[in-house]
Amino acid sequence: MSDNVRNGAGLRPGEVIVLAVLAAYAAGFMAFPPRALLVVDESLYVSQAMAFAQGGRLLEGARILVPPDSVPWMSNFPPGTSLLQTPLVALGGWRAAAALSVLSLVIATLATMFTLRRTGAPPAFALLVPGFAGSLLFGRMAMRDMPSAAIVALGLLMFLDAGAGRGRIFAGGLLAGTALLFREPNVLLMAPFVAGAIVPRRQNAVPVLAGVAAGVGLRLLIANAMFGDPLFVRASGYGFSAAGALHNAPQYFVILMLFVPLGLALPFLYRGPLRREMVSAIALFVGLYLFYDYSSERENGAMKGLVLSMRYMIPALPLLAVMAADVAPRVFDSLPDAARSLARRAGVPAGIALIVAVFGSHVAVHRLEAAPLRVVTAIRNATRAAVPLIINSKATFKYVSPVYGPRRLILRDALSGEEVPELLRTLGRLQVVFLDRGDSEMFVEDAGANQHFLEIVRTRCTVKAVLSEQIDKTLRLNVFEVAKCG
């Protein structure tokens, strides 16, 4: 049956598969809800949402003592994600924050499907959004990646027909502006569509720019209220360089050729609607991250680094799906008859396999959470909430997140061992929580810094071991009590 033939329910066969996959993903999330935070950024988003839900800036009892925090908020990320998580957290606690990402994945996929329907392309290509390996993980994590993808997908749907009316064009501009409330690079995916709506149709200038101004104005007002600076942008700690491009090129080649099948070729082959805008958006967006000096491999190891880099491409998935829906059928038509026949027969089994895979991804992440949950539990049992903790923040921060309860923290990197005696006299009690990781170059160095810090402290204070536990092959948790100092 042709994909353009509707069934009795008024849905095309490809759309039925899309809905089944989304239902399977949502069901998997409900069956295996989050048990632990897996990424430091996730902790910041959720703790800020919890503070918003309680009507404040900070969570009571949650403070970083050293170094003193100059920003009086739980998070200095763009606040859009935390703001949308707030009602979910208010209703269901911190675990409910990740439901925003699931909802965003559904919206991004459906908006992409509707875009494909409007262009006459096969709607099944919307499956690229939930079927992307990065989506399976970050679609259930309380971060900004999937909300960004939803904004882009909805914006593309609004801009698809620039002559459809001022309301749609205004909505497209508004989505482009509010994209800055989630992640600043999102503007690179939206700006070409704003420009494309104006250049051939000057009558669109007023509504689209009014929408952009409203969205950007909202970002400026919130930034000024939160950080005292309407132009505040969180410092990433990384720059851009040609050396970064050389390092990142192999990683993004794998992501955009293997995990998005032949994704790098799509901009060169795409001949569908809004071609200039689509190609420009992908070129700008991928180019930005290509030159980004963040080395996920060095900081997290090869496999984890690849997975973490995948999240950067999630907002571009709706555009890549529309491109693939234009390119793939033309490639398919050029195949020999035997290959096309085989591909048609494989369609239904592939759809069933994807349904199983998206549900199974939650089972896999549930198992992945076992080690972090063990760390969180061990720290909670070996420490006391009233006693400040010295932590190696790169490895330990997410395990002592305020979402698990109030904590007063001292970051080891901001402290020398010689300062511990004076700190103990000031605070009265101190514990040390160091998580040694051996899964990347950065964390091996960090574990060495833990040992060096303890050696200095032991020359001045009595350090009692409270806990030393091997969590898994790469994680060892050590907890100490700092007693009297000479």
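Residues numbered from 1 in each chain as written. Predicted model: local features only at pLDDT ≥ 70, side-chain atom pairs only at ≥ 80, totals over all residues. Heavy atoms only, no water.

A. Quick peek at the overall build of the chain. A tally of regular secondary structure across the chain gives 21 helices and six strands. The C-alpha atoms of the chain give 25 Å as radius of gyration, which agrees with the globular expectation for 486 residues (23 Å, within 12%). Taken over 486 residues, the chain has a buried fraction of 51%. When contacts within the chain are restricted to residue pairs at least 6 apart in sequence, those whose partners lie at least 24 apart make up 76%. Approximately 20800 Å² of the chain is accessible, and the part contributed by carbon and sulfur atoms is 65%. With 45 positive and 31 negative side-chain charges, the chain shows a spacing of 6 Å between the two charge centroids. (Helix = DSSP H or I, 4+ residues; strand = E, 2+ residues; numbered from the N terminus. Rg over C-alpha atoms; globule rule 2.2 N^0.38 Å. Buried < 20%, exposed > 50% of the residue type's maximum accessible area, 1.4 Å probe, protein only. Contact = heavy atoms within 4.5 Å. Areas by Shrake-Rupley, 256 points an atom, 1.4 Å probe, with all protein chains shown as cover. Lys, Arg positive; Asp, Glu negative; His and termini not counted. Charge placed at Lys NZ, Arg CZ, Asp CG, Glu CD.)

B. Spatial organisation of unusual backbone geometry. Cis geometry marks the peptide bond from Val 66 to Pro 67; its omega dihedral reads -5°. Of note, Pro 67 is situated in the loop between strand E1 (63–66) and helix H3 (80–92). Residue Leu 262 is not a glycine yet carries a positive backbone phi of 55°. Within the fold, Leu 262 resides in the loop between helix H11 (242–259) and helix H12 (266–269).

C. Structural detail: the pairing of strand E6 (residues 475–485). The pairing of strand E4 (residues 430–437) with E6 spans eight bridges and is antiparallel. Looking across to E6, one finds that Val 432 is bridged to Phe 480. The sheet contact formed by strand E5 (residues 461–472) and E6 spans nine bridges and is antiparallel. Within E6, the position partnered with Ser 468 by the bridge is Asn 478. If you look at the hairpin formed by E5 and E6, you'll find two residues sitting between the two strands. (Pairing = 2+ DSSP bridges.)

D. Fine view of the packing of aromatic side chains. With the rule as written, the count across this model stands at 16 aromatic pairs. Taken together, a centroid distance of 5.7 Å and an interplanar angle of 85° make the contact between Trp 94 and Tyr 404 edge-to-face. Taken together, the residues Trp 94 in the loop between H3 and helix H4 (99–119) and Tyr 404 in the loop between helix H19 (393–396) and strand E3 (408–411) connect sequence positions 310 residues apart. If you follow Arg 234 out to its NZ or CZ, it ends over the ring of Phe 77, 4.0 Å from the centre. Just above the ring of Phe 443 sits the side chain of Arg 437; from NZ or CZ to the centre is 3.7 Å. (Phe/Tyr/Trp six-rings, centres within 6.5 Å; stacked < 30°, edge-to-face > 60°. Lys NZ or Arg CZ within 6 Å of the ring centre and 35° of its normal.)

E. Examining the pattern of salt bridges more closely. Under the definition given, this model contains 14 salt bridges. We note a salt bridge from Glu 15 to Arg 117, for which the minimum N-O separation is 2.7 Å. Placement of the pair is Glu 15 in helix H1 (residues 13–31) and Arg 117 in helix H4, with a sequence separation of 102 residues. Classification of Glu 15 as buried rests on a relative accessible area of 0%. Relative accessible area serves as the criterion here: at 27%, Arg 117 is assigned to the partly exposed category. (Salt bridge = Lys/Arg side-chain N within 4 Å of Asp/Glu carboxyl O.)

F. Broad picture of the state of the cysteines. For the coordinates displayed, the defined rule picks out one disulfide. Across the disulfide from Cys 461 sits Cys 485; the S-S distance is 2.0 Å. Handedness here is read from the sign of the S-S torsion; for Cys 461 and Cys 485, about 100°, the answer is right-handed. Of this pair, Cys 461 sits in strand E5 while Cys 485 sits in strand E6, placing them 24 residues apart in sequence. Judged by relative accessible area, which is 8%, Cys 461 ranks as buried. Residue classification places Cys 485 among the partly exposed positions, given a relative accessible area of 22%. (Disulfide = S-S within 2.5 Å.)

G. Main features of helix H9 (residues 186–198). Helix length check: H9, at 13 residues, gives a terminal C-alpha distance of 19 Å against a target of 18 Å (1.5 Å per residue), a fit within 8%. Taken together, the buried positions of H9 are Asn 186, Leu 189, Met 190, Pro 192, Phe 193, Val 194, Gly 196 and Ala 197. Check the buried side of H9 and you find it contacts helix H7 (145–159), helix H8 (166–178), helix H10 (205–227), helix H13 (275–290) and helix H16 (317–333). (Expected span 1.5 Å × (residues − 1).)

H. How the structure looks around empty space enclosed by the protein. The final tally for this structure, using the stated rule, is three cavities of 30 Å³ or more. Lining the largest cavity are Asn 76, Phe 77, Pro 78, Pro 79, Glu 184, Arg 219, Ala 223, Phe 227, Phe 232, Val 233 and Arg 234. Split by residue class, the lining of the largest cavity holds seven nonpolar, one polar and three charged. There is about 40 Å³ of room inside the second largest cavity. Lining the second largest cavity are Pro 34, Ala 36, Leu 38, Glu 42, Arg 140, Met 141, Val 365 and Glu 369. Taken together, the residues of the lining of the second largest cavity sort by class into five nonpolar, no polar and three charged. (1 Å grid on protein atoms, 1.4 Å probe; cavity = no way out; pocket = protein on both sides within 12 Å on 5 of 7 lines; lining within 4 Å. Points joined across faces, edges and corners; volume = space filled by probe spheres on them. Nonpolar A, V, L, I, M, F, W, Y, C, P; charged D, E, K, R; others polar.)

Keep in mind these values describe shape, not function.
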